[in-house]
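Observations on the three-dimensional arrangement
Residues per chain are reported as follows:
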Amino acid sequence: MTNKTVKATAFLQIEPEWPSYLGAGDRDNPASVRGAKVVAVTQRRSPKPRAGVLEVAVTVEIPASAFVPLRPEATIVIPADLTIAHPVVVEATDPNEEAR
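One numbering rule holds for all chains: residues counted from 1, following each sequence as written. Local features in this predicted model are restricted to residues of pLDDT 70 or higher, and side-chain atom pairs are both shown and tallied only at a pLDDT of 80 or more, whereas totals for entire chains, interfaces and linings draw on every residue. Values reported for side chains reflect all heavy atoms of the structure, with hydrogen atoms and water molecules removed beforehand.

**Here's the deal with the pattern of salt bridges**
When a carboxyl oxygen of Asp or Glu lies within 4 Å of a side-chain nitrogen of Lys or Arg, that pair is called a salt bridge. On inspection of all chains with the given rule, the structure shows three salt bridges. Two residues, Arg45 and Glu55, come together in a salt bridge whose shortest N-O distance is 3.9 Å. Of this pair, Arg45 sits in the loop between strand 2 (35–42) and strand 3 (54–63) while Glu55 sits in strand 3, and the two are 10 residues apart along the sequence. The buried label applies to any residue whose accessible area, calculated with a 1.4 Å probe on protein chains only, is under 20% of its type's maximum; exposed applies above 50%, and partly exposed to all values in between. Its relative accessible area of 17% is what places Glu55 among the buried residues. Residues joined in a network through salt bridges with shared partners are Glu15, Lys37 and Arg50. Strands here mean DSSP runs of E at least two residues long; helices mean DSSP runs of H or I at least four residues long; both are numbered from the N terminus.

Take a look at the structure:
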């Protein structure tokens, strides 16, 4: 079995969620952000992202063998230059495994 992997990159546009009682002028404090949501995903960096939206490049590295039927596996690798403090590790599982 080969360890070959393939990569796919997407650009996530992420919008902060603010408490409803804050006015637009009160949104200068990052501690006021209560959450975030992905509002768009594109294949290329947007030339004009929406105002107030953060654009993050996400590259997914997947073993080539994952494209073989009945072998779903995926690894998401976040490059160090896109992280702030800690790397993010995601383990994908086959939702059909529990049904068997």
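**Things to note about the confidence of the model for the protein chain**
Residues shown with low pLDDT carry predicted positions that ought not to be read at fine detail. Across the protein chain, the average pLDDT comes to 77, with 74% of residues at 70 or higher. A residue's pLDDT is simply how confident the predictor is in it, with values from 0 to 100. Within the protein chain, strand 4 (residues 75–76) has the poorest average pLDDT of any element, 74, and strand 1 (residues 5–17) the best, 90.

**Some words on the side chain of Glu15**
Mapped onto the fold, Glu15 is located in strand 1. Note on contacts: a residue pair qualifies if any of its non-hydrogen atoms lie within 4.5 Å across the two residues. Sequence-distant contacts of Glu15, that is, excluding residues within four places in its chain, are made with Gly35, Ala36, Lys37, Val39, Arg50 and Val53.

**Some words on the pairing of strand 3**
Among the 10 residues in strand 3, seven count as buried, and that is most of the element. For two strands to be treated as a pair, DSSP must find at least two bridges joining them. Of the strand pairs in this sheet, strand 1 and strand 3 are connected by 10 bridges, and their pairing is antiparallel. Each bridged residue has a counterpart across the sheet, and for Thr9 the counterpart in strand 3 is Thr59. Of the strand pairs in this sheet, strand 3 and strand 4 are connected by two bridges, and their pairing is antiparallel. Looking across to strand 4, one finds that Val60 is bridged to Ile76.

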